[in-house]
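In case you want the letters, here they are:
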Amino acid sequence: QVQLVESGGGLVQAGGSLRLSCAASGRFLRINPMSWYRQAPGNQRELVATITKGGTIKYADSVKGRFTISRDNDKNTIFLQMNSLKPEDTAVYFCNAIFMFGIGDSRTYWGQGTQVTVSS
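Just so we're clear, the structure is a prediction, and the values are computed from it rather than from any experiment.

**Overview of the overall build of the protein chain**
Turning to step 1, where the next piece is worked out: Summing up its helical and strand segments, the protein chain has 0 helices and 11 strands in all.
Turning to step 2, where the next piece is worked out: In the protein chain, the succession of helices and strands from N to C terminus is β-β-β-β-β-β-β-β-β-β-β.
Turning to step 3, where the next piece is worked out: Taking 2.2 N^0.38 as the reference for a compact globule, 120 residues should give roughly 14 Å; the C-alpha atoms of the protein chain span a radius of gyration of 14 Å, in line with that estimate.
Turning to step 4, where the next piece is worked out: Each of the 120 residues in the protein chain was classed as buried or not, and the buried ones make up 39%.
Turning to step 5, where the next piece is worked out: Contacts spanning at least 24 positions in sequence make up 55% of the contacts within the protein chain whose residues lie at least 6 apart.
Turning to step 6, where the next piece is worked out: Just so you have it, the protein chain exposes about 6500 Å², and 48% of that area is on carbon and sulfur atoms.

**Digging into the pattern of salt bridges**
Turning to step 1, where the next piece is worked out: If you walk through the whole model with that rule in mind, you get 5 salt bridges.
Turning to step 2, where the next piece is worked out: Put simply, Arg38 and Asp89 hold a salt bridge, and the shortest N to O gap is 2.9 Å. With Arg38 in strand S4 (residues 30-39) and Asp89 in the loop between strand S8 (77-82) and strand S9 (91-102), this residue pair connects regions lying 51 residues apart in the sequence.
Turning to step 3, where the next piece is worked out: For Asp89, a relative accessible area of 0% puts it in the buried group.

**With respect to the state of the cysteines**
Turning to step 1, where the next piece is worked out: Tallied over the entire structure, the rule returns 1 disulfide.
Turning to step 2, where the next piece is worked out: For Cys22, the disulfide goes to Cys95, at an S-S distance of 2.0 Å. On the S-S bond that ties Cys22 to Cys95, the torsion sits near -80°, and the link is left-handed. Highlighted residues: Cys22 in strand S3 (residues 18-25) and Cys95 in strand S9, separated in sequence by 73 residues. Taken as a pair, Cys22 and Cys95 share a single burial class, namely buried.

**Quick look at the pairing of strand S5 (residues 46-51)**
Turning to step 1, where the next piece is worked out: Where S4 and S5 come together, 5 bridges link them in antiparallel fashion. Opposite Tyr37, over in S5, you have Leu47 as the bridge partner.
Turning to step 2, where the next piece is worked out: What sits between S4 and S5 in their antiparallel hairpin is a turn of 6 residues, with Gly42 showing a positive phi close to 80°.
Turning to step 3, where the next piece is worked out: Sheet analysis places S5 next to strand S6 (residues 57-59), joined by 3 bridges and oriented antiparallel. Bridging across to S6, Ala49 finds its partner in Tyr59.
Turning to step 4, where the next piece is worked out: Counted along the chain from S5 to the antiparallel partner S6, the turn is 5 residues long, and its residue Gly55 has a positive phi close to 100°.

The rules we used
Residues numbered from 1 in each chain as written. Predicted model: local features only at pLDDT ≥ 70, side-chain atom pairs only at ≥ 80, totals over all residues. Heavy atoms only, no water. Helix = DSSP H or I, 4+ residues; strand = E, 2+ residues; numbered from the N terminus. Rg over C-alpha atoms; globule rule 2.2 N^0.38 Å. Buried < 20%, exposed > 50% of the residue type's maximum accessible area, 1.4 Å probe, protein only. Contact = heavy atoms within 4.5 Å. Areas by Shrake-Rupley, 256 points an atom, 1.4 Å probe, with all protein chains shown as cover. Salt bridge = Lys/Arg side-chain N within 4 Å of Asp/Glu carboxyl O. Disulfide = S-S within 2.5 Å. Pairing = 2+ DSSP bridges.

In structure tokens, the structure reads:
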């Protein structure tokens, strides 16, 4: 069984910063890619940022220049540094990863989510 555990959410004023972490644990061959999604009340879950094991990164247009995703491959952990936060960034943030367990055996897992609230 594998697990993704997020931490780092909270309440911050507009313009402030937060750093989220997501650590993967369990038995697997590799994880690739790892991503952050978010879901605000009444909205669909949306991709925020994704990073491959090799370091290729993609961001949603709404967070480019403000958020930075990074990865520690040795610790199977990703981070999301969020700066210049806006009220519209308020959402539950979810970690997502594709785990490979064998040839042709890859499965997607989600973390439990961490709440980020940005006050105006």
